Amino acid sequence: MTSQSYVICERRIYSKAPYNHVHPYAQLLVPITGCLNVSVDSHAAIANENNVLFIPADSEHSFFAADKNEFFVFDIPTHFLQSNLNQTKKPEIISTFDNRWQAIRSLLFSEVHEKPAYNQSIQDLLRYAIHLIAPNKLPSSIQFIHENYHNKLTVQQLAAMEHYNQSHYHHWFQKYTGTTPRLYIQRLRVEKARELLLTTNYSLQHISCQVGYGHQSTLSKAFLELEGLTPLQFRNTI
């Protein structure tokens, strides 16, 4: 299989003969039955019924199975992954196949049959699985907001990072954060403005520009909405 722009998942059985190869997409193996011996850039790993295995993209790896086996295998384009998983060069082994992974596997039985699946449900299940692998890493679009809150941000831009249309992204974002993208960005900007008001003597106009508002009046309106007073009133209470 060559590189593709979408996530697919299929049920695969591995043979006894070792097979060495490399490909430009990552993989996630969720066990159904059996055991698989894997070597990734000289790092040995075993995928079995008690763990989940992540194989990074562009890594030379080989595998073989001595006994009967079957796995759900996600083929994952690198743009879908969080940066910490994109940067890893060794297999990630999740050794606790807990209730969350069991739920993912049960749902995969409903979605993946004889043919590979690549629908929205597969993407949603993978997105949740990635969160379990790297729980301390924010989703791509939210991480981007934290790093670029001072720049112009659009829902279209953010939705593309999560591979959603804008309507679906709004629904997903509210479920994940408890608020809308607009309010989330506003809160970040107001929090940063509050910090600057506490720690600097910058003018209100300068602070407005620093946090992504071109005009002092826009910052004042957002600050008043969330803090219950204007930036100037807040500064005067310090």
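Details of the structure are given in the entry above.
Residues numbered from 1 in each chain as written. Predicted model: local features only at pLDDT ≥ 70, side-chain atom pairs only at ≥ 80, totals over all residues. Heavy atoms only, no water.

Observations regarding the packing of aromatic side chains
This is how it is decided: Centres within 6.5 Å are what make two rings of Phe, Tyr or Trp a pair, Trp counting through its six-membered ring; a difference in plane orientation under 30 degrees is then read as stacked, over 60 as edge-to-face, and the rest as tilted. With a 1.4 Å probe rolled over the protein chains alone, any residue whose accessible area is under 20% of its type maximum counts as buried; one over 50% counts as exposed, and the rest are partly exposed. Where helices and strands are cited, they refer to DSSP runs of H or I of at least four residues and of E of at least two residues respectively, numbered from the N terminus. Lysine NZ or arginine CZ positioned within 6 Å of the ring centre and within 35 degrees of the ring normal marks a charge as sitting over the ring.
Tallied over the entire structure, the rule returns twelve aromatic pairs. For the pair Tyr164 and Trp172, a centre-to-centre distance of 5.8 Å together with 50° between the ring planes defines the contact as tilted. In terms of burial, Tyr164 and Trp172 fall into one category: buried. Ring geometry for Phe223 and Phe234: centres 5.6 Å apart, planes at 55°, overall tilted. Of the two residues, Phe223 sits in helix α9 (residues 216–227) while Phe234 sits in helix α10 (residues 231–237), which places them eleven residues apart along the sequence. For the pair Phe223 and Phe234, one class covers both residues: buried. By the ring-pair criterion, three or more aromatic residues cluster together here, those being Tyr164, Tyr169, Trp172, Phe173, Tyr176 and Tyr184. Taking the ring centre of Tyr213 as reference, the NZ or CZ of Arg189 above it sits at 5.0 Å.

Quick look at the sheet that holds strand β1 (residues 8–12)
Inclusion rule: Here the rule is simple: two strands pair whenever DSSP picks up at least two bridges between them. Interaxial angles span 0 to 180 degrees and are taken between N-to-C directions of axes, which are lines fitted to C-alpha atoms, for helices over the stretch in contact. The contact criterion used throughout is that any non-hydrogen atoms of two residues lie within 4.5 Å.
Pairing within the open sheet is antiparallel, and its five strands lie in the order β1-β8-β3-β6-β9. Edge positions in the sheet fall to β1 and β9 (92–94), since each of these pairs with one other strand and no more. Strand-to-strand, the axes of this sheet are offset by a mean angle of 20°, without reference to chain direction. The pairing of strand β6 (residues 52–55) with β9 spans three bridges and is classified as antiparallel. Across the sheet, the residue bridging to Val52 is Ile94, located in β9. Strands β1, β3 (26–33), β6, β8 (70–76) and β9 of the sheet are contacted by helix α2 (residues 99–111), whose axis makes an angle of about 90° with β3.

Looking at the sheet that holds strand β7 (residues 61–64)
Read across the open sheet, the four strands follow the order β2-β7-β4-β5; overall the sheet is antiparallel. Each edge of the open sheet is held by one strand with a lone partner, namely β2 (19–21) and β5 (43–47). The sheet shows a mean angle of 20° between the axes of neighbouring strands, taken without regard to direction. Pairing between strand β4 (residues 36–40) and β5: five bridges, direction antiparallel. The partner of Asn37 across the bridge, within β5, is Ile46.

Some words on helix α7 (residues 181–199)
For clarity, the cut-off: Given a helix with a known number of residues, its expected span is that number minus one, times 1.5 Å.
Look at α7: 27 Å from first C-alpha to last across 19 residues, which is about the 27 Å you get at 1.5 Å a residue. Three or more residues of α7 are buried, namely Pro181, Leu183, Tyr184, Ile185, Gln186, Leu188, Arg189, Val190, Ala193, Leu196 and Leu197. Against α4 (140–148), α5 (155–161), α6 (166–177), α8 (204–210), α9 and α10 lie the buried residues of α7.

Examining unusual backbone geometry
Where the residue is not glycine, phi is negative for most of them; where a peptide bond is considered, it is trans in most cases. Notably, Asp58 is not glycine yet its phi reads approximately 60°, a positive angle. The residue Asp58 is located in the loop between β6 and β7 in this model. In this structure, His163 takes a positive phi of about 65° despite not being glycine. On the basis of relative accessible area, His163 is assigned to the partly exposed category, the value being 24%.

A look at the nonpolar core
One broad trend across soluble globular proteins is that nonpolar side chains are buried collectively. The condition that has to hold: Here, nonpolar core means buried Ala, Val, Leu, Ile, Met, Phe, Trp, Tyr and Cys residues that are tied together by side-chain atoms lying within 4.5 Å of each other.
The biggest cluster of nonpolar side chains holds 28 residues, and the ones touching the most others in it are Leu28, Val30, Phe74, Ile76, Trp101 and Leu108. Ignoring sequence-local partners within four residues, the contact set of Ile76 consists of Val7, Tyr25, Ala26, Gln27, Leu28, Phe54, Leu81 and Leu126.

Considerations on the pattern of salt bridges
The cut-off we apply is this: Take a side-chain nitrogen of Lys or Arg and a carboxyl oxygen of Asp or Glu: if they are within 4 Å of each other, that pair is a salt bridge.
Per the stated rule, a full pass over the model turns up eight salt bridges. Close ionic contact of Arg127 with Asp124 constitutes a salt bridge, the shortest N to O distance being 3.3 Å. Here Arg127 and its partner Asp124 are both found in helix α3 (residues 120–133), three residues apart, which amounts to about one turn of the helix. Accessibility expressed as a relative area gives 13% for Arg127, which makes it buried. Notably, a salt bridge pairs Glu162 with Arg127, separated by 3.6 Å at the nearest N-O pair. Highlighted residues: Glu162 in the loop between α5 and α6 and Arg127 in helix α3, separated in sequence by 35 residues.

Some thoughts on the pairing of β4
The alternating pattern of β4 places Leu36, Val38 and Val40 on a buried face, while none of Asn37 and Ser39, on the opposite face, is buried. Turn length for the β4-β5 hairpin, with the two strands adjacent in sequence and antiparallel, is two residues, and the turn residue Asp41 shows positive phi of about 45°. When β4 meets β7, the two strands line up antiparallel, connected through four bridges. Looking at β7, one finds that Asn37 is bridged to Phe64.

Everything listed here is a matter of geometry and, on its own, says nothing about what the molecule does.
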